[in-house]
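For reference, the chains in residue letters:
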Amino acid sequence: MGYALVIIGVLLVGIGVWMVKGSKTATIEEPASTNEFVSEQKDIDANLDGADENGTENGLTESEEKGRAFEEYVVSHFNKKYFTLKEWRGDKYYEGNYAESNRYPDMEYEFSLGDKIVSFAVECKWRSKFKNEQIQWATEEQADIYRKFEKEKDMPVFVVIGVGGSPSDPERVYAIPLKVLKLSIAKEDYIRDFMREDKEKNFFLDTENLLLR
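These lines cover the structure that appears in this document, whether it is placed above or below.

So, how was this worked out
Per chain, the residues get numbers from 1 upward, laid out in the order the sequence is written. Local features in this predicted model are restricted to residues of pLDDT 70 or higher, and side-chain atom pairs are both shown and tallied only at a pLDDT of 80 or more, whereas totals for entire chains, interfaces and linings draw on every residue. Note that water and hydrogens are dropped before the side-chain values are worked out from all heavy atoms of the structure. The numbering of helices and of strands both runs from the N terminus, where a helix is a DSSP run of H or I of at least 4 residues and a strand a run of E of at least 2. Each residue is assigned to one of three classes by its accessible area relative to the maximum for its type, calculated with a 1.4 Å probe on protein chains only: buried under 20%, partly exposed between the two thresholds, exposed over 50%. For this analysis, residues touch if any pair of their heavy atoms sits within 4.5 Å. The method behind every accessible area is Shrake-Rupley, applied with a 1.4 Å probe, and residues are considered shielded solely by the protein chains displayed. Think of a polar contact as two N or O atoms within 3.5 Å of one another; within protein, one of them needs to be a possible hydrogen donor and the other a possible acceptor, and neighboring residues in sequence only count if both atoms come from side chains. To qualify as a nonpolar core, a set must consist of buried Ala, Val, Leu, Ile, Met, Phe, Trp, Tyr and Cys residues joined through side-chain atoms within 4.5 Å. Here a salt bridge means any side-chain nitrogen of Lys or Arg lying within 4 Å of a carboxyl oxygen belonging to Asp or Glu.

1. Re the overall build of the protein chain
Move 1: Helix and strand counts for the protein chain stand at 4 helices and 11 strands.
Move 2: Each of the 213 residues in the protein chain was classed as buried or not, and the buried ones make up 32%.
Move 3: Look at the contacts in the protein chain between residues 6 or more apart in sequence, and 54% of them connect residues 24 or more apart.
Move 4: Only carbon and sulfur atoms are counted for the fraction: they give 53% of the accessible area of the protein chain, which is about 13,900 Å².

2. Some thoughts on the side chain of Lys199
Move 1: Secondary-structure assignment places Lys199 in the loop between helix 4 (188–191) and strand 10 (205–206).
Move 2: Here the side chain of Lys199 touches Asp169 through a polar contact of 3.0 Å, side chain to side chain.
Move 3: What Lys199 contacts, discounting residues up to four positions off in sequence, is Tyr73, His77, Asp169, Pro170, Glu171 and Val173.

3. So, the nonpolar core
Move 1: Counting 21 residues, the largest nonpolar core has Val74, Phe78, Phe120, Val122, Val160 and Leu212 as the members making the most contacts within it.
Move 2: At the level of secondary structure, the elements contributing two or more residues to this core comprise helix 2 (62–75), strand 4 (107–113), strand 5 (116–127), strand 7 (157–163) and strand 8 (172–177).
Move 3: Of the residues forming this core, the biggest block, 5 residues, is contributed by strand 5.
Move 4: Ignoring anything within four residues of it in the chain, the contact list for Phe120 reads Phe78, Phe83, Met107, Glu108, Tyr109, Phe111, Met155, Pro156, Phe158, Leu205 and Leu212.
Move 5: Grouped together as the second largest cluster of nonpolar side chains are 20 residues, Ala121, Tyr174, Ala186 and Ile191 included.

4. Side note on the pattern of salt bridges
Move 1: Taken as a whole and assessed by the stated rule, the structure comprises 11 salt bridges.
Move 2: Put simply, Arg147 and Asp144 hold a salt bridge, and the shortest N to O gap is 3.1 Å. A residue pair is termed a helical-turn pair when its members lie 3 or 4 positions apart in one helix, as Arg147 and Asp144 do in helix 3 (residues 140–153) at 3 residues.
Move 3: With relative accessibility at 24%, the residue Arg147 sits in the partly exposed group.
Move 4: Owing to a relative accessible area of 44%, Asp144 belongs among the partly exposed residues under this scheme.
Move 5: Close ionic contact of Lys199 with Asp169 constitutes a salt bridge, the shortest N to O distance being 3.0 Å. One end of the pair, Lys199, is in the loop between helix 4 and strand 10; the other, Asp169, is in the loop between strand 7 and strand 8, with 30 residues separating them in the sequence.
Move 6: We classify Lys199 as buried; its relative accessible area is 18%.
Move 7: The class of Asp169 is partly exposed, set by a relative accessible area of 42%.
Move 8: Linked by salt bridges that have partners in common, Asp169, Lys199 and Glu200 make up one network.

What follows is the structure in structure tokens.
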């Protein structure tokens, strides 16, 4: 009887050790796949704006916060004497629900000088740097939405791109007519002519050539 109890005890101990090892193995493997997914997602985010998706104190992701800061920079360079901000979209959403207009360009302006009145839209993009001498300013889907907006609203759209520095003080600023951007990726040489010589000056609308300078 005593030998039988000893054998049963050894078997129970063996089973317990096996269960603990199996539990540890499962615990180790699961986070590894999760970490790989998070790493891949951060790489995708970085391809667009060089930012991660960590939440900030105001509830925005770091990417959204940087985008907002650059929008504020752009708005601050429109003289209210000549430019009236008619629309500034907030990109608000909840549990996947958002207004369709959130997909349109960030801002709509009305320029007025004498008897000249022109409405136009602005999409703002900040990127930390050029990669391989080019920049992805939008996805193909986003670019198509902006082109559709421009056609349906009969309103020129300008893509203002900030590169380098910080969103609130970019190193370089480009003001590019959407019609010039045939692709969602733009080469540095291709957009060089649209770089603002003095990024601290206020924007001016060339109504004859429909250029934002």
